[in-house]
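Remarks on the overall topology
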Amino acid sequence: MGDVIDFTEAQLRLGDHMVRGTAADGMIRAIAVTARSTVETARRNHGSSPLVTAALGRLMMAGLMMGAMNKGDDELITLEMHGDGPIGGLTVTANNKGQVKGFANHPNVWLPPNGLGKLDVGGGVGRGTLTVVRDLPGMAPYTSQTELVSGEVGDDLAAYFTLSDQVPTSVGVGVLVAPDAHVLQAGGFIVQLMPDHEYFLIDELERNLRDVTSVTALLERGMGPSDVLRLVLAGLDYEELEVSPVEFYCGCNKERATRATLALGRTELEDMVAKGETAEVHCHFCGTTHYLSPDELRALLEDSPVV
Ligand SMILES: [Zn+2]
């Protein structure tokens, strides 16, 4: 019996998307993503160098996949990598609907290639910490932190899952950047062994993973996330559960920018109105600058007597 794929799902698989599945009677759960346009949007928004595009793209895809693994409705996940490398820090926020945004503290870092001839993401991030913040509406955020293993993102996330969540996890994330800085490929996977797993699965998985040295190389060969998971979970009765779209999305808008402006306080705002100044609110996540004219600031002060 062949797979039945409807037209919309076939269309979905042409663009950025995520695939969720299980294997070995539910003892393994897996997720994979392809996100070229999503990472390219981040690159354009931030004007980032190839190195930073790769670092940020890897973390964005990790965020997308971890967001999709969240069961809770409206849960937000934020990943922060802070290191002593020249990038300084990377911040990514994803929801469980396939939407992600992110930025780097220093988007224009260039370093020589690493020993493997690849973009030196580990050198750009340096030594430091990975912080994972899970935000559920109406609840205090849940934060956990681990030391970075290599700053290469995939290893760091795998260590986080194994140490903090105590779930043996393999994470592969990669971004291939063209010489002109455009994103050619971006993809990743997360494979986890559930607590009731049988030990032989570890060997099987490790054997399969030895063949998957580079996710972007697989994408270059025309594979999608579904094919990547079938390769990683070969011989383990892989079962696909869900295909869903992913995108770069920042929820910032003029209304939120207006609220942020109120934080300046009445004196400062009155001063700006008097001088005829326009307020600029810059969003780090998407690079958009929202402007409030003196007239809009005046209206804001009239509407907000408490400020
Ligand atoms: Zn924004």
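Residues numbered from 1 in each chain as written. Predicted model: local features only at pLDDT ≥ 70, side-chain atom pairs only at ≥ 80, totals over all residues.

Quick word on the domain arrangement of the chain
Each domain of the chain was delimited in the assignment, giving domain 1 (10-248) and domain 2 (254-303). A C-alpha centroid distance of 36 Å is found between domain 1 and domain 2. Of all the secondary-structure elements, those providing two or more residues to the side of domain 1 that touches domain 2 are helix H2 (36-46) and strand E5 (99-104). Here the element with the most residues in the side of domain 1 that touches domain 2 is E5; it accounts for three residues. Of the residues in the side of domain 1 that touches domain 2, the class split is one nonpolar, three polar and one charged. (Domains from an automatic or database assignment. Helix = DSSP H or I, 4+ residues; strand = E, 2+ residues; numbered from the N terminus. Nonpolar A, V, L, I, M, F, W, Y, C, P; charged D, E, K, R; others polar.)

As for unusual backbone geometry
Despite not being glycine, Ala-24 shows a phi value in the positive range, around 50 degrees. Following the sequence through the fold, Ala-24 ends up in the loop between strand E1 (17-23) and strand E2 (28-34). On the basis of neighbour count, Ala-24 is assigned to the buried category, with 21 C-beta atoms found within 10 Å. Its identity as a non-glycine residue notwithstanding, Ala-181 has a phi of 85 degrees, on the positive side. (Buried ≥ 20, exposed ≤ 12 C-beta atoms within 10 Å, placed from the backbone.)

Side note on the sheet that holds E1
Sheet strands associate in pairs through backbone hydrogen bonding, adopting either a parallel or an antiparallel arrangement. The strand order E8-E9-E2-E1-E10 describes an open sheet built from five strands, whose pairing is antiparallel. Looking at which strands have only one partner, the edges of the open sheet turn out to be strand E8 (169-177) and strand E10 (239-245). Across this sheet, the average inter-strand angle for adjacent strands is 10 degrees, counted without regard to direction. Taken together, the seven bridges between E1 and E2 define a ladder with antiparallel strand orientation. Residue Gly-21 lies in a different strand from E2, and its bridge partner there is Ala-30. Sitting on the sheet, helix H5 (residues 154-163) is in contact with E8 and strand E9 (183-193), with an inclination near 160 degrees to E8. Along the sheet, helix H6 (residues 200-210) contacts E2, E8 and E9; its crossing angle with E9, the most-contacted strand, is approximately 170 degrees. (Pairing = 2+ DSSP bridges. Axes fitted to C-alpha atoms, helices over the stretch in contact; angles between N-to-C directions. Contact = placed C-beta atoms within 7 Å.)

Regarding the pairing of E2
Burial analysis of E2 places six of its seven residues in the buried class, which makes it a mostly covered element. Linkage of E1 to E2, two consecutive antiparallel strands, is achieved through a turn of four residues, within which Ala-24 is found at a positive phi near 50 degrees. Pairing between E2 and E9: seven bridges, direction antiparallel. When the sheet's bridge partners are listed, Arg-29 is paired in E9 with Gln-192.

Quick look at the packing of helix H10 (residues 266-275) against helix H11 (residues 294-303)
Where H10 contacts H11, the axes come no closer than 9 Å and their chain directions differ by 145 degrees. Remark: the crossing between H10 and H11 carries left-handed chirality. For the pair formed by H10 and H11, the contact residues are Arg-266, Leu-269, Glu-270, Met-272 and Val-273 on the first element and Pro-294, Leu-297, Arg-298 and Leu-301 on the second. Of the residues that constitute the contact of H10 with H11, the class distribution is six nonpolar, no polar and three charged. (Left-handed = near helix turned anticlockwise from the far one by under 90°.)

Some thoughts on the environment of Phe-285
Topologically, Phe-285 is positioned in the loop between strand E12 (279-282) and strand E13 (289-292). Separated by 35 residues in sequence, Phe-285 and Cys-250 place their C-alpha atoms 6.8 Å apart. Once residues within four sequence positions are removed from consideration, Phe-285 is found in contact with Lys-101, Gly-102, Phe-103, Cys-250 and Cys-252.

Examining the packing of H2 against helix H3 (residues 50-69)
Put simply, H2 and H3 touch, their axes get as near as 10 Å, and they point 135 degrees apart. Put simply, H2 runs oblique to H3. Between H2 and H3 lies a crossing whose hand is right-handed. Here H2 contributes Thr-38, Val-39, Ala-42 and Arg-43 to the contact with H3, which in turn contributes Thr-53, Leu-56, Gly-57 and Met-60. By residue class, the composition of the contact of H2 with H3 is four nonpolar, three polar and one charged. (Parallel < 35°, antiparallel > 145°, perpendicular 65-115°, else oblique.)

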